[in-house]
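# Secondary and tertiary structure notes
Chain residues, written in single-letter form:
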Amino acid sequence: MLNIQLDPETEARLVEILAKEKTTSDELIKRLVKERWLSLQPRQTIVERRGGHPEHLLEDAPPDLSERANRKKAIADYLKKRHPQYEVKISFS
């Protein structure tokens, strides 16, 4: 159980918030604590939010794939193999 002494101005604001949000003080405090706690947690990277790196994606990748030209060539080769009916042009700008 938590007992809090509020000054009249803060108490009036609390009453107004509770009336507008149609909630109880318990639920409001729980939500505020959770929101504050989440804001203090370290942000996840995009990869973490998406569930991590795909396991199979880079299994057979050559070691020099980190170079841009090699990545573009690998993508072009993949597209040529996957969609032979289309012409794939590689631009190295």
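The structure reproduced in this document is the subject of the present report. (Residues numbered from 1 in each chain as written. Predicted model: local features only at pLDDT ≥ 70, side-chain atom pairs only at ≥ 80, totals over all residues. Heavy atoms only, no water.)

## Section: the overall build of the protein
A count of helical and extended segments in the protein gives four helices and zero strands. Each helix and strand of the protein, ordered N terminal to C terminal, gives the series α-α-α-α. Compactness check: the protein gives a C-alpha radius of gyration of 27 Å against a globular reference of 12 Å for 93 residues, more than 25% above the reference. Counting only C-alpha atoms and orienting by the principal axes, one finds that the protein spans roughly 70 × 25 × 25 Å. The buried share of the protein, reckoned over its 93 residues, is 4%. When the accessible area of the protein is evaluated, it comes to approximately 9,200 Å², of which 56% is carbon and sulfur surface. (Helix = DSSP H or I, 4+ residues; strand = E, 2+ residues; numbered from the N terminus. Rg over C-alpha atoms; globule rule 2.2 N^0.38 Å. Buried < 20%, exposed > 50% of the residue type's maximum accessible area, 1.4 Å probe, protein only. Areas by Shrake-Rupley, 256 points an atom, 1.4 Å probe, with all protein chains shown as cover.)

## Topic: the environment of V33
In this structure, V33 sits in helix 2 (residues 25-40). Taking C-alpha positions, V33 is 26 Å from R50, a pair spaced 17 residues apart along the chain.

## Focus on the environment of E48
Within the fold, E48 resides in helix 3 (residues 46-49). With 38 residues separating them along the chain, E48 and Y86 place their C-alpha atoms 35 Å apart.

## Describing unusual backbone geometry
With a phi angle near 50°, K22 is a residue other than glycine that sits in the positive phi range. With respect to the secondary-structure elements, K22 resides in the loop between helix 1 (8-21) and helix 2. Since its relative accessible area comes to 75%, K22 is described here as exposed.

## Quick word on a nonpolar patch on the surface
On the surface, a nonpolar cluster with roughly 460 Å² of combined accessible area is contributed by L2, I4, L6, I29 and V33. Assignment of secondary structure puts I4 in the segment before helix 1. (Patch = residues over 30% accessible without salt bridge, like charges linked within 9 Å, V, L, I, M, F, W, Y side chains within 5 Å. Salt bridge = Lys/Arg side-chain N within 4 Å of Asp/Glu carboxyl O.)

## Considering the packing of helix 1 against helix 2
It is at 10 Å that the axes of helix 1 and helix 2 come closest, and there the two elements cross at 95°. It follows from the interaxial angle that helix 1 and helix 2 lie roughly perpendicular. Listed contacts from helix 2 to L14, I17, L18 and E21 of helix 1 are S25, L28 and R31. For the contact of helix 1 with helix 2, the per-class residue count stands at four nonpolar, one polar and two charged. (Axes fitted to C-alpha atoms, helices over the stretch in contact; angles between N-to-C directions. Parallel < 35°, antiparallel > 145°, perpendicular 65-115°, else oblique. Contact = heavy atoms within 4.5 Å. Nonpolar A, V, L, I, M, F, W, Y, C, P; charged D, E, K, R; others polar.)

Purely geometric stuff here, so don't read any function into it on its own.
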